[in-house]
Amino acid sequence: MNTELLNEISENLQRGKAKVVKELVQKAVDEGIEPDAILKEGLLSGMNVIGEKFKTNEVYVPEVLVAARAMNMGVGVLKPLLAEAGVKAEGKVCIGTVQGDLHDIGKNLVKLMFEGKGLEVVDLGTDVSPDTFVQTAIEQNCQIIACSALLTTTMGVMEEVVKKAEEAGIRDKVKIMIGGAPVDEAYCKKIGADVYTPDAASAADAAVELCRSLKAAG
Amino acid sequence: MTNRERVQAVLSFEKPDDRLPMIEWASWWDKTIRAWQEQGLSRELPWHEIAPTLGLDQHIQYWLPHRGPGCPGPKFNGGPIMEDEESYEAILPFLYPEHGPDGQLEDMRRRKAEHDAGAYPIWFSLDGGFWFPRTLFGIEGHLYSFYDYPELYHRILDDLADYQLRQMERIYEILTPDFMTFGEDMSYNNGPMLSEACFDEFLLPYYKKVVPFIREHGTKVIVDTDGDVTKMIPWLRRAGIEGVLPLERQAGVDLPALREAYPDFLFIGAFDKMTMRRDAEAMRGEFERLLPVMKTGGFIPSVDHQTPPDVPLERYRVYVAMLEEYASRAVRE
């Protein structure tokens, strides 16, 4: 396998060179490298580096965005091939900013980081009601509901999401993650959610772990 | 002392005779005021009389308009109104309205005598070099624009700086505001939203063009950026910025540590709004945390970003009483 080419994909992704990444991914496909290997060792490994650097403030939001855009360009080339080969995502998450809150930078960053870890993401947007979170998780077989809030006035909706999920009887199958400026670990425990993380990259790590543990539990 | 003298003293690291200023720098959520009206606050009160009615000092803020009438608005919250050079050209006739601030300038003329007499401090706000392009590119497009349209970004900030310098000349012909803020919001709960390299390339030249003019006139220059500003303070200092607000505790800002690191930097805000949702004891604990910094000067304590609507009016009155107590202790002890 041409590891040099995969490294080149990873490095260009980290620099946000979307067009170059797309061309290199096509080249890798043409050379006969397995789509799964291009995805994991080229694209996702590059996005992992960005995620780690983001956690330690070595790169910032604009760099994450351009890297994620480059990744998506590469994934676009691979998508039909991955489907053909039966490669499945690590897990499925529905994400949104809670009802009454229109802030979505944080939510979008988490979404990009989720995708960078190979998770399939259903983006519900902003101002999402508890019912919508829960119904989507049921209808789309999501393992995780991820709720974001920026405002002290809207964080209470997260508790409603937990309650609705309990009422719907899906708490053993669906984990609930929360994040955003006004919430913390103590609040997560208080409302009965499963995981709080302080930043987008940690959220993605935690989501992958949750999906794996759910898978292992059957 | 007058309201204005207190603010001027603190911003010059001098002790006011009686107490620190007692202001709510960001005013209140309309939701908070509506809730308080349900709890007995008069519905007849004009907005500018809410502060004195609640026992706070009056201050007057002007936010200069940067877009004129007819300027297209975003199709959704945080959306773009332009994308590239061509679309910037298209909306340019609506930006930087030369007569946009006329009404505010007229109001300044009317207030000049009261301002001179010390009835209230006056401050003005400008859209900063991070904030303003965001209102054009939209929240997401703006973050890409550093990489996708660097030349255009520089051009926008040149145009912005020129406009602001022209308008500030008009302000200083009337009066000298006591402090000003650049509205930026370029940090969040995990620190800056952009890298130092990005800051240096794009924002530093803008600040270096605008800030010296303001400082020459004796107005204190402060950046308004929510979230955790800690890492960004050295960058701002290099740009000639003299202080920051609102220093959100929830984002992890540690004011006593910042004061130790920057003894000559100005701070406004820092009072953890989340303690107001709990009880009097939590609020007292918060004032105790801030008191040592209140004593150092250069710090105006104020809610670190608007009182949450679920804080009852009675508890807010307790907060104001405590603010007065600690504002006095800070100059006496």
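*Asks:* Give a description of the overall build of chain A that names residues and reports values.
*Replies:* Of regular secondary structure, chain A possesses nine helices and five strands. Reading the secondary structure of chain A in the N-to-C direction produces α-α-α-α-β-α-β-α-β-α-β-α-β-α. Its C-alpha radius of gyration of 18 Å places chain A within 12% of the 17 Å reference for a compact globule of 218 residues. When its C-alpha atoms are laid out on the principal axes, chain A stretches across 50 × 35 × 25 Å. Relative to its 218 residues, chain A shows a buried fraction of 53%.

*Asks:* Tell me about the packing of helix 2 (residues 18-30) of chain A against helix 4 (residues 61-84) of chain A, and name the residues and values.
*Replies:* The relative placement of two packed helices comes down to the angle between their axes together with the axis-to-axis distance. Residues and elements named next belong to chain A. Contact geometry for helix 2 and helix 4: axes closest at 7 Å, N-to-C directions at 25°. One element, helix 2, and the other, helix 4, form an angle in the roughly parallel class. Seen from above, helix 2 lies across helix 4 with right-handed handedness. Residue-level contacts link A18, V21, K22, V25, Q26 and V29 of helix 2 to R69, A70, M73, G74, V77, L78 and L81 of helix 4.

*Asks:* Explain the pattern of salt bridges residue by residue, including any values.
*Replies:* Residues and elements named next belong to chain B. Counting across every chain of the model gives 44 salt bridges over all chains. The partner of K295 in a salt bridge is E333, with the nearest N and O atoms 3.1 Å apart. Of the two residues, K295 is situated in helix 13 (residues 280-296) and E333 in the segment after helix 14 (313-332); the sequence distance between them amounts to 38 residues. For E333, a relative accessible area of 46% corresponds to the partly exposed category. Each of R284, E288, K295, E325, R329 and E333 takes part in salt bridges that share partners, so that together they form one network.

*Asks:* Residue-level account of the sheet that holds strand 4 (residues 175-179) of chain A, with values.
*Replies:* All names here are of chain A. Reading across from one edge, 2-1-3-4-5 is the order of the five strands in this open sheet, with parallel pairing throughout. Here the strands that pair on one side only, and so sit at the sheet edges, are strand 2 (120-123) and strand 5 (195-196). Bridge analysis of strand 4 against strand 5 gives two bridges, and the strand direction is parallel. When the bridges of strand 5 are listed, I178 appears paired with Y196. Docked against the sheet, helix 5 (residues 105-116) engages strand 1 (92-97), strand 2, strand 3 (144-148) and strand 4, running at close to 170° with respect to strand 1. On the sheet, helix 9 (residues 200-217) packs against strand 1, strand 3, strand 4 and strand 5 and is oriented at approximately 175° with respect to strand 4.

*Asks:* Before we move on, can you summarise the sheet that holds strand 7 (residues 243-245) of chain B with the specific residues and values?
*Replies:* All names here are of chain B. Spatial ordering of the open sheet is given by 1-2-3-6-7-8-9, a layout of seven strands whose pairing is parallel. Strand pairing shows two members of the sheet lacking a second neighbour, strand 1 (60-63) and strand 9 (299-303), which therefore form its edges. If you compare each strand with its neighbour and ignore which way they point, the axes differ by 25° on average. Summarising the sheet, strand 6 (residues 220-224) and strand 7 pair through three bridges and their orientation is parallel. From the neighbouring strand, V223 faces strand 7, where its bridge partner is V244. Sheet contacts for helix 8 (residues 150-174): strand 2 (122-127) and strand 3 (179-183); angle to strand 2, the most-contacted strand, approximately 165°.

*Asks:* Break down the pairing of strand 8 (residues 266-271) of chain B for me, citing the residues and quoting the values.
*Replies:* Looking along a regular strand, one sees side chains alternate from face to face of the sheet. All names here are of chain B. For strand 8, the tally of buried residues reaches six of six residues, placing the bulk of the element in the interior. Here two bridges tie strand 7 to strand 8, and the two strands are oriented parallel to one another. Counted as the bridge partner of G243 is L266 from strand 8.

*Asks:* Talk me through the domain arrangement of chain A; I want residue IDs and the actual numbers.
*Replies:* All names here are of chain A. Entries for chain A in the domain assignment read domain 1 (3-85) and domain 2 (92-217). Spacing between the C-alpha centres of domain 1 and domain 2 amounts to 26 Å. Taken together, the contact pairs 13 residues of domain 1 with twelve residues of domain 2. In this structure, the salt-bridge partner of D205 is K55, at a minimum N-O distance of 2.6 Å. At the junction of domain 1 and domain 2, the tally comes to two residue pairs in polar contact (both at pLDDT 80 or more). Elements with a contribution of two residues or more to the side of domain 1 that touches domain 2: helix 3 (35-55) and helix 4.

*Asks:* Requested: an account of the nonpolar core, with residues and values cited.
*Replies:* Core analysis: the largest hydrophobic core is formed by 169 residues, its most contacted members being F114(A), F182(B) and Y207(B). Composition of this core by domain shows at least three residues from each of domain 1 (3-85) and domain 2 (92-217) of chain A. Aside from chain neighbours lying at most four places away, what touches F114(A) is V93(A), I95(A), L119(A), V121(A), A146(A), M177(A), A203(A), A204(A) and A207(A). Listed in part, the 28 residues of the second largest apolar core include A137(A), C142(A), V183(A) and C188(A).

*Asks:* So, unusual backbone geometry: which residues are in play, and what are the values?
*Replies:* The step from L245(B) to P246(B) runs through a cis peptide bond, and the omega angle for that step is 5°. Structurally, the position occupied by P246(B) is in the loop between strand 7 and helix 11 (255-261). Its identity as a non-glycine residue notwithstanding, D127(A) has a phi of 55°, on the positive side. Checked against the element boundaries, D127(A) lands in the loop between strand 2 and helix 6 (130-139). For F13(B), which is not glycine, the phi torsion reads 60° and is therefore positive. Structurally, F13(B) is set in the loop between helix 1 (3-11) and helix 2 (30-38).

*Asks:* Run through the side chain of T307(B), naming residues and quoting values.
*Replies:* With respect to the helices, strands and loops of the structure, T307(B) is situated in the loop between strand 9 and helix 14. Exposure remark for T307(B): the relative accessible area of 0% places this residue in the buried category.

*Asks:* Requested: an account of the interface of chain B and chain A, with residues and values cited.
*Replies:* Contacts between chain B and chain A engage 25 residues on the former and 22 residues on the latter. A combined buried area of about 2,100 Å² lies between chain B and chain A, and 58% of that area is made up of carbon and sulfur atoms. The largest share of the area that chain B buries against chain A comes from Y144(B), Y147(B) and N190(B), three residues that together contribute 24% of it. For the pair chain B and chain A, the interface holds one salt bridge. Between D148(B) and R69(A) there is a salt bridge whose closest N-O contact spans 2.8 Å. Here chain B and chain A share eight residue pairs in polar contact (both at pLDDT 80 or more) between them. Here the element with the most residues in the side of chain B that touches chain A is helix 7 (residues 139-148) of chain B; it accounts for seven residues.

*Asks:* Describe helix 9 (residues 196-216) of chain B, listing the residues and the values that go with them.
*Replies:* Residue and element names in this part refer to chain B. With 21 residues, helix 9 should reach 30 Å at 1.5 Å per residue; the first-to-last C-alpha distance of 26 Å falls well below that figure. Listed in full, the buried residues belonging to helix 9 are C198, F199, F202, L203, L204, Y206, Y207, V210, V211, F213 and I214. Turning to helix 9, the residues buried within the fold contact strand 2, helix 7, helix 8, strand 3, strand 6 and helix 10 (233-238).

Scoring rules and cut-offs
- Residues numbered from 1 in each chain as written.
- Chains lettered and ligands numbered in written order.
- Predicted model: local features only at pLDDT ≥ 70, side-chain atom pairs only at ≥ 80, totals over all residues.
- Heavy atoms only, no water.
- Helix = DSSP H or I, 4+ residues; strand = E, 2+ residues; numbered from the N terminus.
- Rg over C-alpha atoms; globule rule 2.2 N^0.38 Å.
- Buried < 20%, exposed > 50% of the residue type's maximum accessible area, 1.4 Å probe, protein only.
- Axes fitted to C-alpha atoms, helices over the stretch in contact; angles between N-to-C directions.
- Parallel < 35°, antiparallel > 145°, perpendicular 65-115°, else oblique.
- Left-handed = near helix turned anticlockwise from the far one by under 90°.
- Contact = heavy atoms within 4.5 Å.
- Salt bridge = Lys/Arg side-chain N within 4 Å of Asp/Glu carboxyl O.
- Pairing = 2+ DSSP bridges.
- Domains from an automatic or database assignment.
- Polar contact = N/O pair within 3.5 Å; in protein donor to acceptor, adjacent residues only side chain to side chain.
- Core = buried A, V, L, I, M, F, W, Y, C linked by side-chain atoms within 4.5 Å.
- Buried area = accessible area lost by both parts, 1.4 Å probe.
- Expected span 1.5 Å × (residues − 1).

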